[in-house]
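For reference, the chains in residue letters:
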Amino acid sequence: MITVNEVTKGFGSRTLFDNVSVKFSPGYRYGLTGPNGAGKSTFMKILTGEVEPTNNGTVGRPARVGVLKQDQFAYDNERIVDTVVMGNEVLWNAFKEREELCQLTELSEAQMLRLGDLESIIADENGYTAEFEAGEILRGIGIPDDQHENLMSTLATDYKFRVLLAQALFAGPQALLLDEPTNHLDLESIHWLEEFLCDYEGVLIVISHDRHFLNSVCTHIADIDYDTIIVYPGNYDDMVEHKMQARQSIEADNREKAKKIAQLQEFVSRFAAGQRSSQVQSRKKEIARLAPQELKKSNIQRPYIRFEQEKPLGREILRVEGLTKGFDDKVLFKDFRLDVYRSDKIAIIGSNGVGKTTLLRCLIGEMEPDKGSIKWGDNASWSYYPQDYHQDIPNGTTAYDWLMQYMTDEGHQFVRSVLGRMLFSGDEAQKATEALSGGEAARLLMARMMMQKNPILVFDEPTNHLDLEAVNALGEGLSVFPGTVFVVSHDRDLISDVATRILSFTPEGLVDFSGTYPEYLETHRFKEYSRISRR
Ligand SMILES: Nc1ncnc2c1ncn2[C@@H]1O[C@H](COP(=O)(O)OP(=O)(O)OP(=O)(O)O)[C@@H](O)[C@H]1O
Ligand SMILES: [Mg+2]
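This structure is a prediction, so every number in the text was calculated from the model and none was measured.

Draft legend 1. Just the pattern of salt bridges, in detail. The final tally for this structure, using the stated rule, is 31 salt bridges. Between R79 and D82 there is a salt bridge whose closest N-O contact spans 3.0 Å. Under the relative-accessibility criterion, R79 is labelled partly exposed at 23%. Among the charged side chains, a network of salt bridges with common partners joins R79, D82, E131 and E149.

Laid out in C-alpha cells, this is it:
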C-alpha cells in the first residue's frame, strides 16, 4: 500500500496539487492521468521520495518499490543479466565492493571485516541465486538463455525496455511505478506489456497518455485536475464519463441555486425598506446558504496547431529510386522506389527496429544510403521533428529565448503568439528549459516548426509525451496543412486522422499503399486488426 497524506506541491506561484490525501492498494492498477504539465511525473517522484512536497505532507511506501528507468540507452555497456541484477541496489553495490576488495593483493584487517559483512549482505539479499533468478525473469520476458550474457547494446529498443522492466521487478517490489512506459513501443510490445501488467500482484501506478493502453490495464484512474488528485474506480473512459457527469451535475445544481437566489434577492430588495424585516432576514440567510459551489477551472487545455507554408512547391516533391540500406548483415530496405507529390501525407509504420527512423534520415540527408538516389524537387525545404528531441532544446535557457533564435521577419510579436497557441502564455514562456515536462518540450519543438513555415514537415514519433488534447490538435493541424507530411508513428488515432498514404515495413519488405489507414487495414490482414476490434 502507498499512502499519501496531505501533500502539496507547486513551483513558484503555481500549485500543481493542494493538500492531497490518497491511498493506492495492492492488487489494483492505477493510471495516473492529467494533461501535459499537470504534475504526473512530479507526483510520481514524490511517491518514490526523489522529490519533496512543498509542505510537510508525508508519503508511506513499502520497503521495495520498483521504478522503471526512462533512459533505454543508459546500460548499453553492461551485460543484460547484470542490468537486471542492478534492480537490487543493495545487492549490486555489495557485489561491486566485494569485487574491488578481492582485486587487492593485500587486505587490511578492516577490509577483511568488511569483506565478511559484504558476504552476509549478499547472503541476505539472495545474492548466490541472483543470476539464476534474473535469468528466470529474462526468460519470462522473452529473452532466451544464450543472450543473457550479451551486452545491452545488442538488443533492439523494445527489448532494452523489457530488460529495464525486469530490472524494476528484480527485487520483488511490492509497488511498481512506471512513467510513460509505452513511449517507443510498437503495438505488439504494448500488447505484451498490457498482459504482463495485468498479472502483477502488487500496487501498480502507471503514467500514460495512451487511452487504449489505460483502458486495458487500469482498475482505477488517479486524475490530476482542479489542483487536486481524485481517484475514480474503472478505466480511463469510465473516468472521463464520471468526471463529465460530476461537472454537469454541479453546473445544473448551480443554475438551480442561481435561480432561487435571484427570486430571494428580489424579495429582499422589495421589502428591505422596513416591513417584514424578519422575513427579509431569513431570506438573506437562505441566500448565504445557497451560495453556488465554486467550480475550479479544469487544467485541460488544447493547443492550437496550424502549420503554414511560405512558398508552396511544385507538384513533384521527391523521387526515390533503388534505395537500399542495411546495417551489418541486416537489410532494412532494398531497391525501394517512391514518388511523392505535394499534399501527400505519408505515415511510416512498422514494428520497433525495422528502420523507420533510418528511412527518414536517409530521405532528409542526415544519413547515407548504401545505394540509390534521392532527388528533391526545386526549393524543397523541411522542418524535422527528431525522435529524441532533447538534443534540440539545451538546458540553461528559457522557452521564449530558445524560440527567439528562430524569429522571422514577423518579429517577436509572432513568437509570442505562437507560444500562446502552444499554451506557453505569460510566465509559462519564461520557464527554464530544463524544467519543461515531456509534453511541454514536445509542444515547444512544434512551435518552432510553426514558425519555420516550410512546405514539408517530417516527424519522427511526435505523439510520445503528448496528451490527448495535443494529439488531436496535431492531427487536425496536419490534416488541414496544404503541404507534404512524413510522419513515423505508432499512434493509430493520429495515423487514421492524417495519412493519405501508408509506407509499411512488413516481413515482405517496404509496402507503399495509397489510401487511408482504415483502408490499409482492410486490405492487409494485419495482426493488430483483431486487436483493434477486440477493444
Ligand atoms: N524544477 C522545476 N522548476 C520549475 N517548474 C518545474 C520544475 N519541475 C517541473 N516543473 C513544472 O511543473 C509542471 C509539472 O511537471 P511534470 O513533469 O510533473 O508534468 P507531467 O504531468 O509529467 O507532464 P507530461 O505529461 O508533459 O510529462 C510543469 O509545468 C513543469 O514545467
Ligand atoms: Mg511526465
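Draft legend 2. Molecular detail of the packing of aromatic side chains. One pass over the full model with this rule turns up 15 aromatic pairs. Aromatic pair W192 and F196: ring centres 5.2 Å apart, planes at 25°, arrangement stacked. Taken together, the positions of W192 and F196, both in helix α7 (residues 187-198) and four residues apart, correspond to about one turn of that helix. Following the ring pairs from residue to residue traces out a cluster consisting of F17, F24, Y28, Y30 and F43. Over the face of the ring belonging to F267 we find R283, whose NZ or CZ atom lies 3.9 Å from the ring centre.

Draft legend 3. Just helix α1 (residues 40-48), in detail. When α1 is considered as a whole, its buried residues turn out to be K40, T42, F43, M44, I46 and L47. Positive backbone phi, approximately 95°, marks G49, located one or two places after α1.

Draft legend 4. Spotlight on the site of ligand 1. Lining the immediate environment of ligand 1, one finds 19 residues, of which K40, T42, S437, G439 and E440 sit closest. N36 is positioned with one of its side-chain polar atoms (N or O) 2.9 Å from an oxygen atom of ligand 1. Between ligand 1 and the protein, one listed contact pairs an oxygen atom with a backbone N or O atom of G39 at 2.8 Å. Notes on ligand 1: free accessible area 640 Å², of which the protein chains cover 81%. Contributions of two or more residues to the shell around ligand 1 are made by β2 (14-24), α1 and α14 (438-452).

Scoring rules and cut-offs
- Residues numbered from 1 in each chain as written.
- Chains lettered and ligands numbered in written order.
- Predicted model: local features only at pLDDT ≥ 70, side-chain atom pairs only at ≥ 80, totals over all residues.
- Heavy atoms only, no water.
- Salt bridge = Lys/Arg side-chain N within 4 Å of Asp/Glu carboxyl O.
- Buried < 20%, exposed > 50% of the residue type's maximum accessible area, 1.4 Å probe, protein only.
- Phe/Tyr/Trp six-rings, centres within 6.5 Å; stacked < 30°, edge-to-face > 60°.
- Helix = DSSP H or I, 4+ residues; strand = E, 2+ residues; numbered from the N terminus.
- Lys NZ or Arg CZ within 6 Å of the ring centre and 35° of its normal.
- Near = heavy atom within 4 Å.
- Polar contact = N/O pair within 3.5 Å; in protein donor to acceptor, adjacent residues only side chain to side chain.
- Areas by Shrake-Rupley, 256 points an atom, 1.4 Å probe, with all protein chains shown as cover.

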